[in-house]
Amino acid sequence: MAVPETLDSIDRQLVHLLSERLKLVKSGVSKESVGATAGQSPRLPVEQKLAADFELPAESLAQWLRHAASICEREAGLREPVVFLGPIYSYSYLAAAKHFGMAADLVPVTTISAAFDELVRGQAKFGVVPIENSTDGRVVDTLGMFARSPVQICGEVLLP
């Protein structure tokens with residue numbers, strides 16, 4: 001049975017490379033430290049190049065790389081809480097997991113203002129709240145909180 005052995009071999013290589021990535025993260029190497037701009041995804045150029053070089057859809061590759069990064073950040077003790085509106089599996093949760101990776105420290109809050117409060121108090125570094133949705137258009141509560149607090153938008157996640 002060559003196929004399972006080949007898949008096992010590839011899985012071992014993936015785990016080995018993830019371990020190597022973790023060692024670099026623990027030593028202080030980050031995408032930001034090698035030239036990425038704050039607030040932008042440091043993986044985007046790599047994702048686009050890899051998607052062009054290999055037979056993987058860019059979005060799938062982006063999700064895989066984000067998840068690998070979030071695992072390394074968690075294991076290196078670099079996770080900072082990310083608050084999101086709603087319970088687990090809400091749209092805000094799905095957006096947070098898509099942007100920060102499934103291993104990120106995702107913390108639910110019950111209201112939009114609670115998300116902003118956590119950010120302003122320094123209890124979380126990032127927050128995910130809806131700005132618009134398909135049923136009601138713009139989310140007035142979120143826009144009002146942006147007007148009243150020193151919080152800035154640093155990314156966007158589109159969900160179907």
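Small disclaimer: the values here were computed from a predicted structure and weren't measured.

**Observations regarding helix α5 (residues 112-120)**
Then, in step 1: Taken together, the buried positions of α5 are occupied by Ile112, Ala114, Ala115, Phe116 and Leu119.
Then, in step 2: The first or second residue beyond α5 is glycine 122, which carries a positive phi of 80°.

**Things to note about a nonpolar patch on the surface**
Then, in step 1: Residues Ile88, Tyr89, Tyr91, Leu94 and Leu159 make up a contiguous nonpolar surface patch of about 570 Å² in total accessible area.
Then, in step 2: Within the secondary structure, tyrosine 89 is located in the loop between β1 (82-85) and α4 (91-100).
Then, in step 3: Relative accessible area serves as the criterion here: at 63%, tyrosine 89 is assigned to the exposed category.

**Describing the confidence of the model for the protein**
Then, in step 1: Confidence along the protein averages 85 in pLDDT terms, with 86% of residues attaining 70 or more.
Then, in step 2: Counting interchain partners and residues more than four positions distant, the pLDDT-below-50 stretch residues 34-43 has eleven contacts.

**Focus: the sheet that holds strand β3 (residues 126-128)**
Then, in step 1: Spatially, three strands are ordered β2-β1-β3 in an open sheet, and the strand pairing comes out parallel. Of all strands in the sheet, those bounded by a partner on one side alone are β2 (106-109) and β3. Going from strand to strand, the sheet's axes swing by 25° on average, the running direction of each strand aside.
Then, in step 2: Pairing of β1 with β3 involves three bridges; the strand directions are parallel. Bridging across to β3, phenylalanine 84 finds its partner in valine 128.
Then, in step 3: Along the sheet, α4 contacts β1, β2 and β3; its crossing angle with β1, the most-contacted strand, is approximately 150°.
Then, in step 4: Contacting β1, β2 and β3, α5 runs over the sheet at an angle of about 165° to β1.

**Digging into the pairing of β2**
Then, in step 1: With four bridges connecting them, β1 and β2 associate as parallel partners. Counted as the bridge partner of valine 82 is leucine 106 from β2.
Then, in step 2: For the segment spanning β1, α4 and β2, crossover handedness is right-handed.

**Considerations on the packing of helix α3 (residues 58-75) against α4**
Then, in step 1: Contact geometry of α3 with α4 gives a least axis separation of 7 Å together with a crossing angle of 80°. When the axis of α3 is compared with that of α4, the two are roughly perpendicular. On the side of α3, the interface is formed by Glu59, Gln63, Arg66 and Ser70, while α4 contributes Lys98, His99 and Phe100.
Then, in step 2: Split by residue class, the contact of α3 with α4 holds one nonpolar, three polar and three charged.

**Brief notes about the environment of isoleucine 112**
Then, in step 1: Turning to its location among the elements, isoleucine 112 is positioned in helix α5.
Then, in step 2: A relative accessible area of 10% means that isoleucine 112 is categorised as buried.
Then, in step 3: Spatially, the C-alpha atoms of isoleucine 112 and valine 129 are 6.6 Å apart, while their sequence positions differ by 17 residues.
Then, in step 4: Excluding residues that lie within four positions of it along the chain, isoleucine 112 makes contacts with Leu85, Val129, Val139, Asp141, Thr142 and Met145.

**Some points on the nonpolar core**
The tendency in soluble globular proteins is for nonpolar side chains to be buried as a group.
Then, in step 1: Of all hydrophobic cores here, the largest spans 13 residues; its most connected members are Val83, Val109, Ile112, Ala115, Phe116, Leu119 and Val129.
Then, in step 2: Of all the elements, α5 adds the most residues to this core, at five residues.
Then, in step 3: Formed by ten residues, the second largest nonpolar core is a distinct cluster that contains Tyr93, Ala95, Ala104 and Leu106.

**Section: the pattern of salt bridges**
Two side chains that carry opposite charge are able to pair once their charged atoms sit near each other.
Then, in step 1: Enumeration according to the criterion identifies five salt bridges in this entry.
Then, in step 2: In this structure, the salt-bridge partner of arginine 121 is glutamate 118, at a minimum N-O distance of 2.5 Å.
Then, in step 3: Residue class for arginine 121 comes out exposed when judged on its relative accessible area of 54%.

Here is what the cut-offs are and how they apply
Residues numbered from 1 in each chain as written. Predicted model: local features only at pLDDT ≥ 70, side-chain atom pairs only at ≥ 80, totals over all residues. Heavy atoms only, no water. Buried < 20%, exposed > 50% of the residue type's maximum accessible area, 1.4 Å probe, protein only. Helix = DSSP H or I, 4+ residues; strand = E, 2+ residues; numbered from the N terminus. Patch = residues over 30% accessible without salt bridge, like charges linked within 9 Å, V, L, I, M, F, W, Y side chains within 5 Å. Areas by Shrake-Rupley, 256 points an atom, 1.4 Å probe, with all protein chains shown as cover. Salt bridge = Lys/Arg side-chain N within 4 Å of Asp/Glu carboxyl O. pLDDT = per-residue confidence, 0-100. Contact = heavy atoms within 4.5 Å. Pairing = 2+ DSSP bridges. Axes fitted to C-alpha atoms, helices over the stretch in contact; angles between N-to-C directions. Right-handed = clockwise from strand over helix to strand, strands pointing away. Parallel < 35°, antiparallel > 145°, perpendicular 65-115°, else oblique. Nonpolar A, V, L, I, M, F, W, Y, C, P; charged D, E, K, R; others polar. Core = buried A, V, L, I, M, F, W, Y, C linked by side-chain atoms within 4.5 Å.

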